[in-house]
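Listed here are the chains, written in short residue letters.
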Amino acid sequence: MGNFTKRLTERRMHTEIAQGYCLICGNYGRLSWDHVPPQGSIIITKVEQVHLTEVMGIDPIPVQGVKSPNGSKFKTICKACNSNHLGSNDQEVARVYKELTKLVAHHFAYASNHLNYVTLPFDPVRFCRAMIGHVLSATTVDECKREPIETPYFTPIQKFVMGDAATIDSTHDMYCWFYPHHHHLSAKMFAFKNSSNICTISVLSFFPLAFSITEKGKGIYPSGATKVELTDDRLYVNLSSGHFPYSGFPFTGFSVDQMMLMSSAQAIVSYPIKD
């Protein structure tokens, strides 16, 4: 029966739109396609998108995803934000990912002669501004249909992406960790409970690095993660294999007192597919 034995992903209902409110600046108008991961940081291939909740073991029925011939894309931001706020900073993301990929390959080829981490110089403001911008865009088009309102979690990071570097100092923390997986994961917002701590988190992950944003001082993140400060001049990435089981966070198993709450339409997994 082939693909007819699969049910269609709900993601297909969250992709079609022409005009709406930009999820970065909030202006209403024609929306443009944003590649997530950004072009230049990975090799663009055919991909298939599904919701994270459809592949987490909640429902065992195979899912047929939304296919794209040229990478994972989201039509949720305006052309001006795409070009000015993301495109101008994506070069730093591309440089970091390319250099980090080389360091990771060299590390595992000669692991016996190295420490368990690699490091490289980077521009934290440009890098974080681009990554956060893609976090904001990687979601359902339903968000573009509603007039935006200010929120304690999203408004500061939207302003940061648009150029105000001071807005997130008192509201958010950022972390990164080694991500040894081929699929891409974007979770715009979810709540995670770890013992008595409950935190709102955003994640964008694609090989070889995962990036997360959390509420200030409440960060929940996988073991091996490194905090990213906007005053840093180098990026440190822990490559110890002991952290691999947690690298897909939040796509990981829960322990005794852990719980996660999310909107399925805000958490998307993209799988590279062959012809």
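Higher on the page you've got the structure.
This write-up is about the structure you can find in this document. (Residues numbered from 1 in each chain as written. Predicted model: local features only at pLDDT ≥ 70, side-chain atom pairs only at ≥ 80, totals over all residues. Heavy atoms only, no water.)

**Quick word on helix 3 (residues 154-161)**
In step 1: Here helix 3 lies mainly inside the structure; seven of its eight residues are buried.
In step 2: Along helix 3, the residues classified as buried are Phe154, Thr155, Pro156, Ile157, Gln158, Phe160 and Val161.
In step 3: Close packing links the buried residues of helix 3 with helix 1 (79-109), helix 2 (124-137), strand 9 (172-178), strand 10 (184-194) and strand 12 (209-215).
In step 4: Once helix 3 ends, the next one or two residues include Gly163, with phi positive near 125 degrees. (Buried < 20%, exposed > 50% of the residue type's maximum accessible area, 1.4 Å probe, protein only. Helix = DSSP H or I, 4+ residues; strand = E, 2+ residues; numbered from the N terminus. Contact = heavy atoms within 4.5 Å.)

**So, the pairing of strand 11 (residues 197-206)**
In step 1: By the criterion of burial, strand 11 is predominantly enclosed, with eight of the ten residues buried.
In step 2: With eight bridges joining them, strand 10 and strand 11 adopt antiparallel strand pairing. The partner of Ala191 across the bridge, within strand 11, is Thr200.
In step 3: Hairpin connection between strand 10 and strand 11: a loop of two residues separates the two successive antiparallel strands, and Ser195 in this loop has a positive phi of roughly 60 degrees.
In step 4: Pairing geometry for strand 11 and strand 12, over six bridges, is antiparallel. Following the sheet pairing, Ser205 is matched in strand 12 by Ala210.
In step 5: Once strand 11 ends, the chain turns through two residues before running back antiparallel as strand 12. (Pairing = 2+ DSSP bridges.)

**Observations concerning the environment of Met189**
In step 1: Locating Met189 in the fold gives a position in strand 10.
In step 2: Between the C-alpha atom of Met189 and that of Arg7, which follows or precedes it by 182 residues, the distance is 26 Å.

**Digging into the packing of aromatic side chains**
In step 1: Applying the stated criterion to the full structure yields 16 aromatic pairs.
In step 2: The structure contains a cluster of three or more aromatic residues connected by ring pairs, namely Tyr97, Phe122, Phe127, Phe206 and Phe211.
In step 3: In this structure, Lys73 packs its charged tip against the face of Trp33, placed 5.6 Å from the ring centre.
In step 4: The lysine or arginine in question, Arg129, covers the ring of Phe160, its NZ or CZ lying 4.9 Å from the ring centre. (Phe/Tyr/Trp six-rings, centres within 6.5 Å; stacked < 30°, edge-to-face > 60°. Lys NZ or Arg CZ within 6 Å of the ring centre and 35° of its normal.)

Geometric descriptors of this kind do not, in isolation, establish any biological role.
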